[in-house]
Structure formats: C-alpha cells, structure tokens
Amino acid sequence: MRDLLARAAELAAAYRASLAERPVAPGGGCTGFGGPLPRNPSPPSEVLEELARAAEPGLVATAGPRFFGFVVGGALPAATAADVLVAGWDQNGFNAVLSPAAAAAEEAAGAWLKELLRLPATASTGFVTGGQAANTVGLAAARHHVLAEAGWDVERDGLTGAPRVRVVASEERHATIDRALRLLGFGTRAVEPVAAGPQGAIDLDALESTLAAGTGPVIVCLQAGNVNTGACDDLRAACELTHRHGGWAHVDGAFGLWAAANPATAALLDGVELADSWACDGHKWLNVPYDSGFVFCARPAVHAEAIAYRAAYLVGAGEVSGMGDLTLESSRRARGFAVWAALRELGRDGVAELVDRCCRLARRFAAALADGGAEIANDVVLNQVLVSFGDDARTDAVTAAVQRDGTCWLGGTTWRGRRYLRISVSNWTTTEADVDRSAAAILRLAGSAP
Ligand SMILES: Cc1ncc(COP(=O)(O)O)c(C=O)c1O
C-alpha cells in the first residue's frame, strides 16, 4: 500500500498544481474506461496508472480558480489531505462504536459549525451528502413534528389518512426542496407558493396572507442564498410569522448560510437562529471535498425520531447522538474529519475572510462586466452575479462561447423569464487576477458574438 498511496497522492498533487493554468473544461472524449470486463486480476499499481490516464481527458477543473459554474468550491489543502486519510483509515461513520474518532470529529466540527453559522448550540447536526440530503432530512423532521403536534405518528402510520400538512414555500425555492417533498410523500402539489420580491427574497405580506388563508399543520420553507441572485429571505420576520401560525420553519442555506460567518454579510441572516431546521453545504463555500453537507435541527429528539432506525444487532443505536440517527445513510464515509480539518485550517477569521473575499470578487466581476457593456441583473449581495448581453439568444451564445473558450467556466440560467450567464465565486483559490482575466475573456467573446 505504501508506494501505491504515495503515487496516488503524487498524481493528485500534480493535478492540483495544474489547475491554475489548465483549460477549465476538458477538451476531448473520455474513452479509456470502456472495453470488456477483465477476466483476470491486475496489479494495483497498474490499475492506478490506467485509472489516472483514463480519467485525465474528462476531468473538469471545478477545483480551480476560474470555475464559476453552479455553486462549486475547490477543496482546501487540509480538507483534501484529511479525506486522503479518511480513505486510508476506511472508517464507517455510522456511530461511535464503529469509529470513536469519527464521532468525536463530527461532534467537535458540529459545535464549530453552529458557532460560525450563528445557530443554537443545542441543535443537532447530521453530516449528510449535501444540500439535497440536508433539505430532505430537515423536512422529514418538520413532517414528524407538525404531525405529532396534530396527534399523528407519521413514522408508524404513514401519510395515508393523516391530517393534511400545508407546505408553504417561496416561488424562488431551490428545486431540491421539491424533490425532498416528493420523496417525503407530500408531492409537489402540496406546495402553496409564495411570491418573492424583485431580488428573489420571500414577500412577507404574501407569506402572511398565505399562512392566514388556511389552518392545520404547516411547514414553511425559507431560503438563505437564492441560487441565481444570492438574495436571502428576511429570516427573523418569516420565522416569527411561521411560529405565530404554529408552523415549522426550515431554512435552505446550502451556500447562503455561510453569510452568517462573515461580519460584513451577517446582517443578511439576522434571525437565522429562530428557525427549526437548517440545510447547509460543506462542499460549496466551505471548500470541503465532495460529498459534504449539514442538516441542523433545533429539536434533536425530533431529528432522531424522524430519521433513526432500530435493529437488534446495532450496538449503540437509540442514542440521540448516534451519527446514523441524524443522516439518511446507514454506513457512510466519515465526513466529519475533512470538515474539522477545513475549520481548523481556516479558523473563524479565515472562514469570514473567505466569504468576504468571494463576495468582493463577485462585485469586482460585476463591475468589470458592467464597464464592458454587460447588464448586471441582480444586486450582488453575496457571491452570485447574473449577467445579460442583450436578448436571450445573444446571452446564450456568449455562454456557449465562454464554455468553449476554456479560460473560465460558467453556466446559463433563466431568471424571471430571461436568460443570463450565472457567475458564482465560491473557490478559495480565486484571485483578483483570475476575475480580471475571466471578465476580459467574457467581454472579448461577447464582442464577437452574433
Ligand atoms: C439553495 C440551494 N439549495 C440546495 C442545493 C443543492 O445542494 P447539493 O447540490 O449540495 O445537494 C443548492 C445547490 O446549488 C442550492 O444552491
């Protein structure tokens, strides 16, 4: 193993070193994985070299400084090295019996996360795969709680015959909320959509009248960080309204929850601590390797009752603090080590600086593009920028040209019926020079677009 792991680390490090200058999008096809299932075993060292060769043409430099598509970070050094160790240790993150080390790391990292994100110290923390899983677990806890309050045991009796649960959610919710609602048996038609304001934050008058228009168990889905604009709902007012109507407030803060960790943006999340559950990602703005997300719940017992399972052979199950009681997975990668390492590497000030720098770079990007004649459609309050180059066809043509060019990568989106380039600055290695070079490339390509 020693030589093999050293070689794997060398290959990974060489790849990382190439990120600043390699084309962001891969140039060719990825054909090296095909062929018939081998009949005979192969030496691991040969497998490793073959794997690296086969993957190379299809690797996208998402971890690099000029990938601005989706909302994607690039794993920090200590977090990357921690995950190399995690693979080597091969620990099962199910509970403290299987890995006392994993349990201790998750407990420590969970406490740090809650402190940074300004959440109640008493909340439970589940180390899930990402925002989708965090929304699903948070809404499962919500489902459990609002139905229990109505005298219904949803884990035992399911939804058939249950009191109808109202799901009130902003029209600007992320699509993973809808998938979570499907998976939880509510169906997407259960959603009572609430209008959002010009930047995408929930309209409080509309929320109030929607809540007042019905009765019964109610879950309200709020958002910190609109995936297009970065806008954050007024969480204090929205949570207070929700609670006045006896509801459960869930906040999807896949990337936006990190605004709380930066003094300059924390006001956007005023009142965040009032919610009942929160979803957040590690692999976006914290720059932790995939996959890494967090679900927090203000009522740890509700969290565990909604998610835990029991089996006679499970030593240690049944404790609220069991890691497997808080996530959808049973056996899983010990995700807490990399999170602990990222937080240890950055510290409180480093996290604040990372968030602040990305916001500053997003504003710089917007200013450079606006100077070059582009239209910026959103208030750049966080790390997201929406850019138009005129009509939809021209904007899409510029997006496609940027993707082909390879200097940087960003995606297209539709916002309020119009097409935009969408920029997300989320990577710890991005510099002012990367932003200037990318903005210049985008403007050059826009100049020659039809
Ligand atoms: C607001 C929001 N919620 C949820 C998600 C889904 O997160 P993940 O891809 O980690 O499941 C995203 C992803 O961009 C998001 O921006």
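That block above? That's the structure.
Residues numbered from 1 in each chain as written. Predicted model: local features only at pLDDT ≥ 70, side-chain atom pairs only at ≥ 80, totals over all residues. Heavy atoms only, no water.

Chemist: I tried to follow the overall build of the chain on my own but got confused; where do I start?
Modeler: Looking only at helices and strands, the chain has 13 helices and 11 strands in total. Whereas a compact globule of 450 residues would reach a radius of gyration of roughly 22 Å, the chain reaches 23 Å, a difference of no more than 12%. In the chain, which comprises 450 residues, the proportion classed as buried is 52%. Contacts spanning at least 24 positions in sequence make up 75% of the contacts within the chain whose residues lie at least 6 apart. Only carbon and sulfur atoms are counted for the fraction: they give 56% of the accessible area of the chain, which is about 19,200 Å². The distance from the centre of the 39 positive side-chain charges to the centre of the 50 negative ones in the chain is 3 Å. (Helix = DSSP H or I, 4+ residues; strand = E, 2+ residues; numbered from the N terminus. Rg over C-alpha atoms; globule rule 2.2 N^0.38 Å. Buried < 20%, exposed > 50% of the residue type's maximum accessible area, 1.4 Å probe, protein only. Contact = heavy atoms within 4.5 Å. Areas by Shrake-Rupley, 256 points an atom, 1.4 Å probe, with all protein chains shown as cover. Lys, Arg positive; Asp, Glu negative; His and termini not counted. Charge placed at Lys NZ, Arg CZ, Asp CG, Glu CD.)

Chemist: What is the right way to look at the site of the ligand in this model?
Modeler: Taken together, 15 residues lie around the ligand, and Gly131, Gln132, Asp252, Asp281 and His283 are the ones closest in. Gly131 is positioned with one of its backbone polar atoms (N or O) 2.9 Å from an oxygen atom of the ligand. Between the ligand and Asp252, the relevant distance is 2.8 Å, taken from a nitrogen atom to a side-chain nitrogen or oxygen of the residue. Burial of the ligand by the protein chains amounts to 83% of its free accessible area of 390 Å². (Near = heavy atom within 4 Å. Polar contact = N/O pair within 3.5 Å; in protein donor to acceptor, adjacent residues only side chain to side chain.)

Chemist: Looking at this model, I keep getting lost on helix α10 (residues 300-307). Mind explaining?
Modeler: The periodicity of an α-helix, 3.6 residues per turn, causes residues three or four positions apart to be oriented the same way. Residues Val302, His303, Ala304, Ala306 and Ile307 constitute the buried set of α10. As for α10, its buried residues are in contact with β1 (124-128), α5 (131-149), α6 (154-157), β5 (248-252) and β7 (293-297).

Chemist: Explain the nonpolar core here, please?
Modeler: Nonpolar side chains in soluble globular proteins tend to end up buried together. Core analysis: the biggest nonpolar cluster contains 80 residues, and Leu257, Trp258, Leu286 and Ile442 have the highest contact counts within it. Here this core gets 15 residues from one element, more than from any other, and that element is helix α11 (residues 336-371). Each residue touching Ile442, except ones within four places of it in the same chain, is listed here: Phe365, Leu369, Phe389, Val398, Val402, Cys408, Leu410 and Leu421. In terms of nonpolar packing, the next biggest core, distinct from the first, is built from 31 residues, Leu139, Ala142, Val154 and Val191 among them. (Core = buried A, V, L, I, M, F, W, Y, C linked by side-chain atoms within 4.5 Å.)

Chemist: What is the right way to read the packing of α11 against helix α13 (residues 432-447) from this model?
Modeler: Packed helix pairs are specified by the crossing angle of their axes together with the interaxial distance, meaning the distance between the axes. Closest axis-to-axis distance for the α11/α13 pair is 9 Å, and the angle between their directions is 30°. With respect to each other, α11 and α13 are oriented roughly parallel. Pair α11 / α13 crosses with right-handed handedness. Between α11, through Leu361, Arg364, Phe365, Ala368 and Leu369, and α13, the contact on the second element is made entirely by Glu432, Val435, Asp436, Ser438, Ala439, Ile442 and Leu443. Of the residues that constitute the contact of α11 with α13, the class distribution is 8 nonpolar, 1 polar and 3 charged. (Axes fitted to C-alpha atoms, helices over the stretch in contact; angles between N-to-C directions. Parallel < 35°, antiparallel > 145°, perpendicular 65-115°, else oblique. Left-handed = near helix turned anticlockwise from the far one by under 90°. Nonpolar A, V, L, I, M, F, W, Y, C, P; charged D, E, K, R; others polar.)

Chemist: Is there a simple way to think about the sheet that holds strand β9 (residues 384-388) in this case?
Modeler: Sheet strands line up and pair through hydrogen bonds in the backbone, either parallel or antiparallel. Read across the sheet, 4 strands follow the order β8-β9-β11-β10 without closing on themselves; strand pairing throughout is antiparallel. Since the sheet does not close on itself, it has two edges, and those belong to β8 (375-376) and β10 (411-415), each with one partner. On top of the sheet, helix α12 (residues 392-405) reaches β9, β10 and β11 (418-424); it is set at about 35° to β11, its chief contact. (Pairing = 2+ DSSP bridges.)

Chemist: What is the right way to read the packing of helix α3 (residues 77-89) against α11 from this model?
Modeler: α11 packs onto α3 with a crossing angle of 155° between their chain directions and a minimal axis gap of 8 Å. Of the possible angle classes, the one that applies to α3 and α11 is roughly antiparallel. Considering how the two elements wind past one another, α3 and α11 form a crossing that is right-handed. Judged by residue contacts, Pro77, Ala78, Ala79, Ala82, Asp83, Val86 and Trp89 of α3 engage Phe337, Ala338, Ala341, Ala342 and Glu345 from α11.

Chemist: Can you walk me through the pairing of strand β2 (residues 166-170) in this structure?
Modeler: In the case of a regular strand, side chains alternate between the two sheet surfaces. Within β2, 5 of the 5 residues are buried, leaving the element largely enclosed by the surrounding structure. Residues Arg166, Val168 and Ser170 point to one face of β2 and Val167 and Ala169 to the other, with burial holding for every one of them. In terms of strand pairing, β2 meets strand β3 (residues 191-194) through 4 bridges, oriented parallel. Residue pairing for β3: Val168 is matched across the bridge by Glu192. Between β2 and its parallel partner β3, the chain crosses via helix α7 (residues 175-183), and the hand of that crossover is right-handed. (Right-handed = clockwise from strand over helix to strand, strands pointing away.)

Chemist: Whenever I open this one, the side chain of Ser170 confuses me. Can you help?
Modeler: Position of Ser170 relative to the elements: it lies in strand β2. Reaching out from Ser170, the side chain makes a polar contact with the backbone nitrogen of Glu172 at a distance of 2.8 Å. Those residues within four positions of Ser170 in sequence are excluded, and the remaining contacts are Val194, Ala196, Ile202 and Cys221.

Chemist: Looking at this structure, how should I read the pattern of salt bridges?
Modeler: Side chains carrying opposite charge are able to pair once their charged atoms draw close together. Scanning the model with the defined rule gives 26 salt bridges in all. Arg7 is paired through a salt bridge with Glu49; the nearest N and O atoms lie 2.5 Å apart. Here Arg7, found in helix α1 (residues 2-18), pairs with Glu49, found in helix α2 (residues 44-55); they are 42 residues apart in sequence, far enough to count as distant. On the accessibility criterion, Arg7 (26% relative accessible area) is partly exposed. Accessibility expressed as a relative area gives 24% for Glu49, which makes it partly exposed. One network of salt bridges, in which partners are shared, links Asp83, Asp291, Glu329, Arg333 and Arg335. (Salt bridge = Lys/Arg side-chain N within 4 Å of Asp/Glu carboxyl O.)

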